[in-house]
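# Residue-level structure breakdown
Now for the letters of each chain:
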Amino acid sequence: MRVAVVGATGAVGRTILQILDERAFPLDDLVAFASARSEGVRLGFRDDEVVVRALHDRWFEGVDLALTSAGGAVARQILPAAAAAGTVCVDNSSAFRMDRDVPVVIPEINPEALDGHKGIVANGNCTAITALMALGPLHKRFGLRLLVTSSYQSVSGSGMKGVRELAEQVDKLHEQIETLTRPDPQALPAGEVFGRTIAFNVVPHAERFDPEGSGFTTEELKMGNEVRKVLGIPDLVCSATAVRVPVVAGHAVSIYGRFESPVSPKEAREVLSRAAGLRVVDDPARDQYPTPLDAAGLDDVLVGRVRQPDGDDRALLLFAVGDNLRKGAALNAVQIAELLIER
Ligand code: A2P
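Keep in mind it's a predicted model, so treat the numbers as computed, not measured.

Strands sit in the order β5-β2-β1-β6-β7-β8 across an open sheet of six strands; the sheet is parallel. The open sheet is flanked by β5 (53–54) and β8 (120–122), the only strands paired with a single partner. Here strand β6 (residues 65–68) runs beside strand β7 (residues 88–91); their pairing, made up of four bridges, is parallel. Within β7, the residue paired with A66 across the bridge is C89. Packed on one face of the sheet, helix α1 (residues 11–22) meets β1 (2–6), β2 (29–34) and β6 and runs near 150° to β1.

Below, the structure is given as structure tokens:
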């Protein structure tokens, strides 16, 4: 089995290499691709190194399985030809997620969606996966009807460049932290990735604003689209607010869900505690709740703060946190690949 990782030098690509190693993924040969900028870069893999190659037109020749994470534009350009040639591609970008022929798969939630794939399988959006790990089991039991989310998304969701931009701004501002009570807008650093100051700030603008003028960002629209597709609820009403926060790894999602059947927080905790890939961290009396730093580096999604709005026995509030580079991206992609092999 020859496996290619495309975008191997990126935040997700590097995590894919790590997870292939951790899970002893059954491959005979690994090829790593990135842009021409990275040609010759050496990345650690298992007890050895792989030398990164520049992506070229025939990159998929002899490749059985490709794990791709080089952004939507690259995916659109390179995946159809690879899939047509028989390389099964698990893509981390949003380029194909809404295509009818492309399943969006979370192995713990909808493994059956993998049946009949046509060569491209999409990994879900990192925030949607985090929310879906909690929503999937609750939907199965209680029937999800309405969803409102607010997400607190780490800068690594924008790749290595996002992490670097935060680090540079923290460096610049931490000496003058008192000035931030009355900042001079002209003196605040703003980089290319986030457009606004991300250090010591939160920015309610992830990706770009909907060109159709809905007022939502494209990142926010993915939540509804992907939850509808993965859970098979085409008429689900969903609205999302996605906020970039100065956190390096770990996306948190505050979830309001309304269900067809009555549900108590106790029942919800029971269902969630039996779900694979999920860990309930929820004990207010002992200050137990999940935060992004608790989830960073973990495979499980953590869920807590389970509560019910007054007077509505069909609604729940939850707080879910997942490592966006692992379960939100690389781990889920490798799990899809494992499922492909199993089948
Ligand atoms: P490179 O490091 O050479 O730019 P991230 O999301 O962390 O920024 O990572 C994006 C990944 O996609 C990197 O590995 C990057 O490689 C890769 N990439 C970006 N553009 C291209 C391209 N045109 N062809 C191949 N790989 C690309």
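The assigned domain composition of the chain is domain 1 (2–123 + 329–342) and domain 2 (128–154 + 202–323). Computed from C-alpha coordinates alone, the two centres of domain 1 and domain 2 are separated by 26 Å. In this complex, domain 1 contributes 15 residues to the contact, which on the side of domain 2 involves 14 residues. Summed over both sides, the interface of domain 1 with domain 2 buries roughly 1200 Å², with 69% coming from carbon and sulfur. Remark: the boundary between domain 1 and domain 2 carries one salt bridge. Considering only residue class, the side of domain 1 that touches domain 2 consists of seven nonpolar, four polar and four charged.

This next bit is on the pairing of β2. β2 sits mainly inside the fold: five of its six residues count as buried. Strand direction decides the pairing type here: β1 and β2, joined by five bridges, are parallel. The partner of A4 across the bridge, within β2, is V31. In the classification by handedness, the crossover that spans β1, the intervening α1 and the parallel β2 is right-handed. Across two bridges, the pairing between β2 and β5 is parallel. Bridge pairing in β5 places F33 opposite R53.

Taken together, six strands build an open sheet; the order of strands is β10-β9-β11-β14-β13-β12 and the sheet is mixed. Every other strand in the sheet has two partners, leaving β10 (237–244) and β12 (278–280) as the edge strands with one partner each. Strand-to-strand twist in this sheet, taken as the mean axis angle between neighbours without regard to direction, amounts to 20°. Bridge count for strand β9 (residues 144–153) against β10 is eight bridges, and the pairing is parallel.

In this section: the packing of helix α3 (residues 126–142) against helix α8 (residues 326–342). Between α3 and α8, the shortest axis-to-axis distance is 8 Å and the interhelical angle comes to 90°. Of the possible angle classes, the one that applies to α3 and α8 is roughly perpendicular. Here α3 contributes C126, I129 and M133 to the contact with α8, which in turn contributes K327, G328 and N332. Considered class by class, the residues forming the contact of α3 with α8 number three nonpolar, two polar and one charged.

Quick look at the side chain of E226 now. With respect to the helices, strands and loops of the structure, E226 is situated in helix α5 (residues 218–231). Take E226: its relative accessible area is 2%, and that puts it in the buried class. The residues contacting E226, other than those within four sequence positions of it, are R97, M98, G124, N125, A128 and L132.

This brings us to the nonpolar core. If you look at soluble globular proteins, the nonpolar side chains tend to sit buried side by side. Formed by 56 residues in total, the largest nonpolar core has its most connected members in W59, L138 and L231. Both domain 1 (2–123 + 329–342) and domain 2 (128–154 + 202–323) contribute no fewer than three residues apiece to this core. Listed in part, the 34 residues of the second largest apolar core include V3, A11, L339 and L340.

Now for the environment of V52. Here V52 lies in the loop between β4 (48–51) and β5. Spatially, the C-alpha atom of V52 lies 5.2 Å from that of G40, the residues being 12 residues apart in sequence. Dropping the residues within four chain positions of it, V52 is found in contact with T9, A32, F33, A34, S38, E39, G40, V41 and L43.

Further remarks concern the packing of aromatic side chains. Between two aromatic rings, the relevant description is the distance of the centres plus the angle of the planes. For the coordinates displayed, the defined rule picks out four aromatic pairs. Summarising the aromatic geometry, the rings of F142 and F259 are spaced 6.2 Å apart at their centres and angled 75° between planes, so their arrangement reads as edge-to-face. Of the two residues, F142 is situated in helix α3 and F259 in strand β11 (residues 251–259); the sequence distance between them amounts to 117 residues. Here F142 and F259 have matching classes, each one buried. In textbook terms, an aromatic cluster arises when at least three aromatic residues are bridged by ring pairs, as seen for F33, W59 and F60. Lying over the aromatic face of F96, R76 brings its terminal NZ or CZ to 5.9 Å of the ring centre.

Conventions used here
Residues numbered from 1 in each chain as written. Predicted model: local features only at pLDDT ≥ 70, side-chain atom pairs only at ≥ 80, totals over all residues. Heavy atoms only, no water. Pairing = 2+ DSSP bridges. Helix = DSSP H or I, 4+ residues; strand = E, 2+ residues; numbered from the N terminus. Contact = heavy atoms within 4.5 Å. Axes fitted to C-alpha atoms, helices over the stretch in contact; angles between N-to-C directions. Domains from an automatic or database assignment. Buried area = accessible area lost by both parts, 1.4 Å probe. Salt bridge = Lys/Arg side-chain N within 4 Å of Asp/Glu carboxyl O. Nonpolar A, V, L, I, M, F, W, Y, C, P; charged D, E, K, R; others polar. Buried < 20%, exposed > 50% of the residue type's maximum accessible area, 1.4 Å probe, protein only. Right-handed = clockwise from strand over helix to strand, strands pointing away. Parallel < 35°, antiparallel > 145°, perpendicular 65-115°, else oblique. Core = buried A, V, L, I, M, F, W, Y, C linked by side-chain atoms within 4.5 Å. Phe/Tyr/Trp six-rings, centres within 6.5 Å; stacked < 30°, edge-to-face > 60°. Lys NZ or Arg CZ within 6 Å of the ring centre and 35° of its normal.

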